[in-house]
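# Structural overview for review
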Amino acid sequence: MASNRALWTAAIEGKKAHKYNAQKTGKYASKKEADEAAKLHILFHAGAIKDLQEQVRYTIVPAQGKIRAISYIADFVYKDLDGFTHVCDVKGFRTDVYRLKKKMMQLLLGITVEEL
């Protein structure tokens, strides 16, 4: 019921509601993503992880002529103290496109996407 109300209010006020009813929190796409960002920032400032980055773009397949590139944007990328790079994504709903790009990242780039 609450989600229908949010969609109705958004329609009346001219605001676009999020596709999966996620509530945008500050600069993050959802509350879940904001919570994970807070945890990672605490670890970063404590020195438990390093090189924390947000919204990192990976080109899976480069553009060719009129065909656009296929890209994946990771929510978070960081290195642990051993130097291993973690590519992380916060998901509430796994779309078909996300599943496909996750597989392409593994097969074509050798990068495993971790879900938080």
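Up top is the structure.
Numbers given for residues are sequential positions, taken from 1 along each chain in its written order. Confidence filtering applies because this is a predicted model: local features only for residues at pLDDT of at least 70, side-chain atom pairs given and counted only at 80 or more, and all residues used for totals across whole chains, interfaces and linings. The basis for every side-chain value is the complete set of heavy atoms in the structure, and neither hydrogens nor water enter the calculation.

### A word on the nonpolar core
For the purposes of this section, nonpolar cores are sets of buried Ala, Val, Leu, Ile, Met, Phe, Trp, Tyr and Cys residues that join through side-chain atoms within 4.5 Å. We call a residue buried when its accessible area falls under 20% of the maximum for its residue type, exposed when it is over 50%, and partly exposed in between, using a 1.4 Å probe and counting protein chains only. Within the largest apolar cluster, 12 residues are counted, these being Val-56, Tyr-58, Ile-60, Tyr-72, Ala-74, Val-77, Val-87, Tyr-98, Met-104, Met-105, Ile-111 and Val-113. Secondary structure elements are taken from DSSP: a helix is a run of H or I of four residues or more, a strand is a run of E of two residues or more, and numbering for both begins at the N terminus. When residues of this core are traced back to their parent elements, those giving at least two are β1 (49-61), β2 (70-80) and α3 (96-109). In what follows, residue pairs with any heavy atoms lying within 4.5 Å of each other are defined as contacts. Excluding its chain neighbours within four sequence positions, the residues that come into contact with Tyr-58 are Ile-70, Ser-71, Tyr-72, Ala-74, Val-77, Val-87, Met-105, Leu-109 and Ile-111. With 10 residues, the next largest nonpolar core counts Ala-34, Ala-37, Ile-49 and Tyr-78 among its residues.

### Things to note about the environment of Gln-55
Within the secondary structure layout, Gln-55 lies in strand β1. Through-space distance from the C-alpha of Gln-55 to that of Ile-73 is 5.8 Å; in sequence the pair is 18 residues apart. Non-local contacts of Gln-55, meaning those with residues more than four positions away in its chain, are made with Glu-33, Ile-73, Ala-74 and Asp-75. Within 3.5 Å is the distance limit for a polar contact, defined as a pair of N or O atoms, with the added protein rule that one can donate a hydrogen and the other accept it, and that residues adjacent in sequence qualify only through two side-chain atoms. Within polar-contact distance, the side chain of Gln-55 engages the side chain of Glu-33 at 3.4 Å.

### Things to note about the side chain of Asp-80
With respect to the helices and strands, Asp-80 occurs in strand β2. Only four residue types enter the charge count, namely Lys and Arg as positive and Asp and Glu as negative; His and the chain termini do not. Only one rule defines a salt bridge in this text: a Lys or Arg side-chain nitrogen within 4 Å of an Asp or Glu carboxyl oxygen. One buried charged side chain, Asp-80, makes no salt bridge at all; its nearest oppositely charged neighbour is Lys-50, positioned 7.1 Å away. Polar side-chain contacts of Asp-80 include one of 3.1 Å to the backbone nitrogen of Asp-82.

### So, the pattern of salt bridges
Across all of its chains, the model carries 7 salt bridges by this definition. Between Lys-27 and Glu-54 there is a salt bridge whose closest N-O contact spans 3.2 Å. Of the two residues, Lys-27 is situated in the loop between α1 (2-13) and α2 (31-46) and Glu-54 in strand β1; the sequence distance between them amounts to 27 residues. Of the residues examined, Glu-54 reaches a relative accessible area of 22% and is grouped as partly exposed. Each of Arg-94, Lys-102 and Glu-115 takes part in a single network of salt bridges with overlapping partners.

### Section: α3
Between its first and last C-alpha atoms α3 spans 19 Å; for 14 residues at 1.5 Å apiece the expected length is 20 Å, and the two agree. Those residues of α3 that are buried are in contact with β1, β2, β3 (85-89) and β4 (113-115). Following α3 by one or two positions, Gly-110 has its phi on the positive side, about 75°. A helix is expected to span 1.5 Å multiplied by its residue count minus one.

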